Amino acid sequence: MSAALRPLLIVVVLVLALAPFGLPPFAMTLLTEALILGLFAMSLDLMFGYTRLVSFGHAAAYGLGAYASGWLLLHTGMPLLFAVFGAALLTGVVAIGIGWMCTLATGVSFSMLTLAFAQLLYAISFKWTSVTGGSDGLAGIPRTPGPFGFAALTSKIGFYYLVLACLVGAFLLCFALVRSPFGAVLRGIRENEAKTIALGYNTRLYKIAVVAVAYALGGLAGALYAPFAGFANTELLFWLLSGQVLIMVIVGGSGTLVGPILGAAFFMLMEHQLSSWTEAWALYFGLIFIAFVLFAPQGIWGLATGRLQMGRLRRASGP
Amino acid sequence: MHRAPDVALLDLDGVTRRYGALVALDQVAMRVEEGEVRAVIGPNGAGKTTLFNVITGTVKPTAGLIRFADQAITGLPSHQICRLGISRTFQITALFPEMSARENARLAAQARHPRRWQPFAGARIFKEAQALADAALEQLGLSGIADRPAGLLSHGDQRLLEVAMAMAQQPRVLLLDEPTQGLSVEETAQAVDTLARFLQASRMTVLLVEHDMEVVFRLAHRITVLHRGAVIADGAPDEVKADARVQDAYLGGLD
Ligand SMILES: Nc1ncnc2c1ncn2[C@@H]1O[C@H](COP(=O)(O)OP(=O)(O)OP(=O)(O)O)[C@@H](O)[C@H]1O
Ligand SMILES: [Mg+2]
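Residues numbered from 1 in each chain as written. Chains lettered and ligands numbered in written order. Predicted model: local features only at pLDDT ≥ 70, side-chain atom pairs only at ≥ 80, totals over all residues. Heavy atoms only, no water.

*Asks:* Please explain the site of ligand 1 as it appears in this structure.
*Replies:* Residues and elements named next belong to chain B. In the region of ligand 1, 13 residues are neighbours, and Gly45, Lys48, Thr49, Thr50 and Gln91 sit closest. At a separation of 3.1 Å, an oxygen atom of ligand 1 approaches a polar side-chain atom of His211. Mapped by element, the contributors of at least two residues to the shell around ligand 1 are strand S2 (22-32) and helix H1 (48-55). Among the elements that make up the shell around ligand 1, the one with the highest residue count is H1 (3 residues). Taken together, the residues of the shell around ligand 1 break down into 4 nonpolar, 7 polar and 2 charged. (Near = heavy atom within 4 Å. Polar contact = N/O pair within 3.5 Å; in protein donor to acceptor, adjacent residues only side chain to side chain. Helix = DSSP H or I, 4+ residues; strand = E, 2+ residues; numbered from the N terminus. Nonpolar A, V, L, I, M, F, W, Y, C, P; charged D, E, K, R; others polar.)

Pasting the structure below:
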């Protein structure tokens, strides 16, 4: 991201921070969900966009985070903040194991293994009824207020700010990560893994690390979703969600961090608008997705910044 | 401990690599002294690239022993071998096409940075790696094109960039697999001039695979000839040139 875009992003965050003063409660609900999904999609971008690790099972992170925070809030009386971050941490730790296994393979086999682990968790969520509530899921998840004046975060608006803070924090973390020496190695893996190994990098370690971070942040998104919606169910671990989040990343623009957040918002908007017109909204969205892949593989953000850059180039090369 | 002067930096003994029934390397014994430029020549399929793969750990030898700087490295994973100080270039150009030449070389240098895993040391790692990278690019005359994406460089510059990347790692041994492969006559002449100057200045220990005999005779101190995986001659360029078996197997066959 070029420096010229930084002021723009700051303005966007300010606008989001002021949104509760202008938007009706119904819109705030949608916006909160969009930000949660944005966080989820951005976390996948670390793997998909920056490392070319194509996950077909990122719902595993979301669902695990959601179930973990839901369970903690329901059964331990843990305050909201601790439950949410604890669940994200747990997801990241589990992901070290998942990453270790999945990176035994590369390419399509890697993708299939991520899917397999998500399906495994999906099956567990059905069978382990005493913890997961089986097909009913976990319902009535409270937003338990905390001891240090964090009670404000449990209101509808307060929770929105919590989500916004998590998204901004996660964005800054990812931004620092992809621009660090670690991120340079990820780019190396993306462009030519064999050469990266030949240069002396143990690429598998880097891949496991990025899987862990991506899952932890995806888990954070899920951990926010459970107290947002008040429930966690098996759909949060279903492959459909894994596919949808991939679509959000691609439509928004992979390898940009910002793009996938836009992609998530766009996905929600389309789902909302199209489904009010037609039952078959998924079909129409599928067509939009195909159009993006064919005509704008750089995604929404790529289109937008491409325009900007072209304008600047034209100005720079002008007389 | 004082090291006897005749101990080689790189020492191969009985190194064999089989692919099914095919013997790609057959009991190869070879000693490369520090500061030496050693050419490895042989017809297509002689096992030259396999030799590099086995030394760098990309491919495990079926049998034999490889020692580097008094340490057995046989069977170590390639990233560990690389870290001990062996860097290579590939016969088929291997770069990061979307990164600039500077970023390519910086990523190479970063691999040897002692703090590369340390969080919050990013700025320092980048700075120190970039300094090594820029020096290597300068050595190979690439400073002028350093900010261009590697994928858009001329083929000749890409070949030299690979050498610069290897050099940015400050290796103790440099393995060059046909650095002039696919270059036009003029490009080859230029690249060889650059390489000759650079080898003269750096006194780097080099293993060089090269098909162009003029290039070999110009750059190498010593030549090893492989034929069907086996070493059939090993010596100073003039000796090798005069060797009847080499004439038979290789030089004669080419002319
Ligand atoms: N991965 C592999 N599987 C099977 N056979 C292989 C493999 N790699 C190399 N070989 C065979 O081993 C032999 C030596 O190959 P190698 O690439 O080392 O030759 P080379 O001397 O580098 O040839 P060239 O001059 O064409 O580059 C060849 O017969 C090749 O077909
Ligand atoms: Mg070869």
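*Asks:* How should I be thinking about the coordination of the magnesium ion (ligand 2) in this particular structure?
*Replies:* Under perfect tetrahedral coordination by four donors, a metal shows angles of 109.5 degrees; under perfect octahedral coordination by six donors, it shows angles of 90 or 180 degrees. The protein atoms that coordinate the magnesium ion (ligand 2) are Thr49(B) (OG1) and Gln91(B) (OE1), at distances spanning 1.9 to 2.1 Å. Of this pair, Thr49(B) sits in helix H1 while Gln91(B) sits in the loop between strand S6 (86-88) and helix H3 (101-110); the two residues are 42 residues apart in sequence, bridging distant segments of the chain. (Donors = N, O, S within 2.8 Å, 3.2 Å for Na, K, Ca; no water.)

*Asks:* I would appreciate a short explanation of the packing of aromatic side chains in the present structure.
*Replies:* One pass over the structure, following the stated rule, counts 17 aromatic pairs over all chains. Judged by centre distance (5.6 Å) and plane angle (65 degrees), the rings of Tyr160(A) and Tyr161(A) are edge-to-face. Overall, Tyr161(A) belongs to the partly exposed group, its relative accessible area being 28%. An aromatic cluster of three or more residues is present, and its members are Phe40(A), Tyr62(A), Phe159(A), Tyr225(A), Phe228(A) and Phe231(A). Positioned over the ring face of Phe90(B) is Arg88(B), at 4.2 Å from the centre of the ring. In this structure, Arg106(B) is placed above the aromatic ring of Phe126(B), and the distance from its NZ or CZ to the ring centre is 3.9 Å. (Phe/Tyr/Trp six-rings, centres within 6.5 Å; stacked < 30°, edge-to-face > 60°. Buried < 20%, exposed > 50% of the residue type's maximum accessible area, 1.4 Å probe, protein only. Lys NZ or Arg CZ within 6 Å of the ring centre and 35° of its normal.)

*Asks:* I tried to follow the sheet that holds strand S1 (residues 10-19) of chain B on my own but got confused; where do I start?
*Replies:* What holds strands together in a sheet is hydrogen bonding between their backbones, with the strands either parallel or antiparallel. Residues and elements named next belong to chain B. Judged by pairing direction, the sheet is antiparallel, and its 4 strands sit side by side in the order S2-S1-S4-S5 without closing on themselves. A single partner strand is all that each edge strand has here, and the edge strands are S2 and strand S5 (71-72). Two strands pair when backbone bridges link them, and S1 and S2 are joined in this way by 7 bridges, in the antiparallel orientation. Bridging across to S2, Leu12 finds its partner in Met30. Of the strands in this sheet, S1, S2 and strand S4 (63-68) touch H1, which is tilted by about 115 degrees from S1. (Pairing = 2+ DSSP bridges. Contact = heavy atoms within 4.5 Å. Axes fitted to C-alpha atoms, helices over the stretch in contact; angles between N-to-C directions.)

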